[in-house]
Amino acid sequence: MTQTELLVTGRRPLRKLSDPAPAPSRRVGQSSGRRRVGRILGYLALAAFAIGLLLPFFWMVMSSLKTANEVFSVPVVWIPETFVWQNYIDIWTKADMLTWIRNTLVLAVSVTFLQVLTGSFAAYGFARMRFAGRDILFLIYVGTIAVPWQSYMIPQFILLSNLKVSNTLWAIILLQAFGAFGVFLMKQYYETIPEELSEAARLDGLSEYGIWRRIMLPLSIPAIASLSLLTFVNTWNDYLGPLIYLRNPDLWTIQLGLKSFVSNLFDTNYALLFAGLTISVIPIAVIFLLGQKYFVEGIATSGMKG
């Protein structure tokens, strides 16, 4: 095709197989290099952020293997010259760690089960049932998240004392059996499940309880895992609630028990304390590592991602 024909038709000639391939554009190479540099810088920033988050945990573990005088030595000794494994033996022999862990585990498992049960059931009503004032009632209920617990802590304590459950594990279980956050999280996830599944189940004669138990719950495993993990961690690490209601040393949780090691600033064996703290963190770390896939999926699909 001649140059004149090209100008008339406006078509470009086909490149023959024997012709050399055109050289890549310089702009494409520059943009590709910029993306590669940006990706490397992003990875470096994430690595630095991860190191910053893990550094206190690393220092706690290393401090649990030092002598009492080496914990706050100046300059800071990150890795002890001699690992004192005896600290982990002493924390079991000098403290009632087994009782503390048992009480904490009972509270964490009970509260987690009840919050998942009540939260998922109430969320189904807000997400699928139609009744007057539903949206307003949901906003009021979720709005209680913004109310600090300290504002109604005293009336709550008087109520539980009148019910004769103060200084028992039941006080903590009843306080945390219901949670607005769990209802919000489960409702957001339920709304991503197609309504057609519930309609088909109703046509087959399944009740609302059956739809919740046989359809909604099995499809909500990621959200349930997220709620379970968050509730378990919060209950396991709770200090103020057990401090107020659990006065008997036989009912102490691991947080209260470890606090008993701190008599004053200068007369505390911080190496033993850090050994106990390391033991208390291990269950949380294991549970999070096992459930992180469902946790991320549940948060991402429930409308709570940033």
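Summarised in this report is the structure supplied together with it. (Residues numbered from 1 in each chain as written. Predicted model: local features only at pLDDT ≥ 70, side-chain atom pairs only at ≥ 80, totals over all residues. Heavy atoms only, no water.)

**Some thoughts on the overall build of the protein**
Within the protein, the secondary structure is distributed over 14 helices and 0 strands. Ordered by position from the N terminus, the helices and strands of the protein form the series α-α-α-α-α-α-α-α-α-α-α-α-α-α. Carbon and sulfur atoms make up 68% of the accessible area of the protein, which amounts to about 19,500 Å² in all. (Helix = DSSP H or I, 4+ residues; strand = E, 2+ residues; numbered from the N terminus. Areas by Shrake-Rupley, 256 points an atom, 1.4 Å probe, with all protein chains shown as cover.)

**Examining a nonpolar patch on the surface**
On the surface, Leu 55, Phe 58, Val 76, Trp 78, Ile 79, Phe 83 and Trp 85 cluster together into a nonpolar patch covering about 700 Å² of accessible area. Summarising the element assignment, Phe 58 is placed in helix H2 (residues 26–63). Its relative accessible area of 36% is what places Phe 58 among the partly exposed residues. (Patch = residues over 30% accessible without salt bridge, like charges linked within 9 Å, V, L, I, M, F, W, Y side chains within 5 Å. Salt bridge = Lys/Arg side-chain N within 4 Å of Asp/Glu carboxyl O. Buried < 20%, exposed > 50% of the residue type's maximum accessible area, 1.4 Å probe, protein only.)

**Focus: the nonpolar core**
In terms of nonpolar packing, the biggest core is built from 24 residues, with Met 97, Trp 100 and Phe 261 touching the most fellow members. Looking at this core, the elements with two or more residues in it are H2, helix H3 (86–93), helix H4 (97–128), helix H11 (221–236), helix H13 (254–259) and helix H14 (270–301). Per-element tally for this core: the top contributor is H14, with 8 residues. When sequence neighbours within four positions are dropped, the list of residues in contact with Trp 100 reads Ala 95, Pro 249, Trp 252, Thr 253, Ile 254, Gly 257, Leu 258, Ser 260 and Phe 261. In this structure, Val 183, Ala 201, Leu 217 and Leu 227 belong to the second largest nonpolar core, which totals 22 residues. (Core = buried A, V, L, I, M, F, W, Y, C linked by side-chain atoms within 4.5 Å. Contact = heavy atoms within 4.5 Å.)

**A closer look at the environment of Met 216**
Within the fold, Met 216 resides in helix H10 (residues 208–219). Among the residues examined, Met 216 registers a relative accessible area of 0% and is labelled buried. Along the backbone, Met 216 and Ser 120 are 96 residues apart, and their C-alpha atoms lie at a distance of 9.0 Å. Setting aside residues no more than four positions away along its own chain, Met 216 makes contact with Tyr 124, Arg 128, Tyr 190, Ile 193, Ser 198 and Ile 211.

**A few points about the packing of H4 against H11**
Relative orientation and spacing of two packed helices are given, respectively, by the angle between their axes and the distance between those axes. Following both chains from N to C, one finds H4 and H11 inclined at 145 degrees, their axes separated by 9 Å at the closest point. In the packing of H4 onto H11, the handedness of the crossing is right-handed. Within the contact between the two elements, H4 uses Ile 101, Thr 104, Leu 105, Leu 107, Ala 108, Val 109, Val 111, Thr 112, Gln 115 and Val 116 and H11 uses Ile 224, Leu 227, Ser 228, Thr 231, Phe 232, Thr 235 and Trp 236. Residue composition of the contact of H4 with H11, by class: 11 nonpolar, 6 polar and no charged. (Axes fitted to C-alpha atoms, helices over the stretch in contact; angles between N-to-C directions. Left-handed = near helix turned anticlockwise from the far one by under 90°. Nonpolar A, V, L, I, M, F, W, Y, C, P; charged D, E, K, R; others polar.)

**Describing the packing of aromatic side chains**
According to the stated counting rule, one finds 10 aromatic pairs in the structure shown. An aromatic cluster of at least three residues, connected via ring pairs, comprises Trp 59, Phe 72, Tyr 270 and Phe 274. We note Lys 187 situated over the ring of Phe 138; from NZ or CZ to the ring centre the distance is 4.6 Å. (Phe/Tyr/Trp six-rings, centres within 6.5 Å; stacked < 30°, edge-to-face > 60°. Lys NZ or Arg CZ within 6 Å of the ring centre and 35° of its normal.)

**Some words on unusual backbone geometry**
Unusually for a residue other than glycine, Lys 164 sits at a positive phi of about 65 degrees. Here Lys 164 shows up in the loop between helix H6 (153–162) and helix H7 (169–176). On the basis of relative accessible area, Lys 164 is assigned to the exposed category, the value being 69%. Positioned with a positive phi, Asn 167 is a non-glycine residue whose angle comes to about 65 degrees. With respect to the element layout, Asn 167 can be found in the loop between H6 and H7.

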